[in-house]
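Architecture at a glance
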Amino acid sequence: MQILESLDYWFWIPVLFWVGLYFWFYRVTYPRYMKKLVRKGIKWAFVPAWRSYWAPLDFLFTFFMALVSALPAIWILFKWLDYPWYYGFAVSPLFFALGAIFCRSAKKKTAALYQSAYFLEYRRVRYETESKGNFRNEVDVHNHTIWSFTKKLKNAEAHGRLWKYVNAMAKTKKIPRDIYAETMY
């Protein structure tokens, strides 16, 4: 009961845990989502080296953070609505649903980041082959792009700079120009 009365002072701290939970989903738990995309046949999905012990740790951390962030709901029910404090745990599934929404949006944002990095590499490979006069069909270009993209990401991961590299590739403004764009019109 003393803890609930002291929530007046640190009410917003559990709410800030949602920011940390979002970045946890964005930076740590996305490889399971990438594995799912690879099984679906998505070519640009890259699964970094990820230990299998992260899966239960991810679940426990997510569960604990969602439970801690449910404390403001318990405080609101206790302080403003004159309900017993344990009714606040009935509101906790809403926080777990909010956590699932955050998880999905963070993983989709990560997937979009990898996808835009892949298509930058695709445009680079396409430009190199066309500028040399070596015209390839689409399947060859995709295969060379997948090989090159995976090689670069594995190298970046080995040197501990995977996120920097993917972010730089995804947000670059240096897109190779289309060599035949002027003659198309």
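What comes next is a walk through the structure. (Residues numbered from 1 in each chain as written. Predicted model: local features only at pLDDT ≥ 70, side-chain atom pairs only at ≥ 80, totals over all residues. Heavy atoms only, no water.)

Some words on helix α3 (residues 30-40)
Basically, it comes down to this: Relative accessibility decides the category of a residue: with a 1.4 Å probe and only protein chains considered, values under 20% of the type maximum give buried, values over 50% give exposed, and everything between is partly exposed. Helical segments are the DSSP runs of H or I of at least four residues, strand segments are the runs of E of at least two, and each set is numbered from the N terminus. To be clear, the arc concerns the directions from the helix axis to the C-beta atoms.
Among all positions of α3, only Y30, P31, Y33, M34 and L37 are buried. Within α3, the buried residues cover an arc of 155 degrees as seen down the axis, which keeps them to one side. Directly after α3, the chain includes G41, whose backbone phi takes a positive value near 100 degrees.

Brief notes about the environment of W163
Quick note on the threshold: Contacts are residue-level and defined by heavy atoms, with any inter-residue pair within 4.5 Å sufficient.
Tracing the sequence through the fold places W163 in helix α8 (residues 162-170). Overall, the relative accessible area of 11% leaves W163 in the buried class. C-alpha separation for the pair W163 and Y114, spaced 49 residues apart in sequence, amounts to 9.9 Å. If we ignore the near neighbours within four places in the chain, the residues touching W163 are Y26, R27, Y30, T110 and L113.

Looking at a nonpolar patch on the surface
Using the following cut-off: Only residues above 30% relative accessible area that lack a salt bridge enter a patch, with like-charged residues linked at up to 9 Å and the nonpolar side chains Val, Leu, Ile, Met, Phe, Trp and Tyr linked at up to 5 Å. Areas reported as accessible are Shrake-Rupley estimates using a 1.4 Å probe. Residue values count occlusion only from the protein chains shown. Any Lys or Arg side-chain nitrogen located within 4 Å of an Asp or Glu carboxyl oxygen qualifies as a salt bridge.
Taken together, the side chains of F59, L60, F63, L67, W80, L81, Y83, Y86, Y87, F89 and F96 define a hydrophobic patch exposed on the protein surface, amounting to about 1,200 Å² of accessible area. Examining the composition of the nonpolar patch, we find that four residues originate from one element, helix α4 (residues 54-69), more than from any other. Topologically, L81 is positioned in the loop between α5 (71-79) and α6 (88-131).

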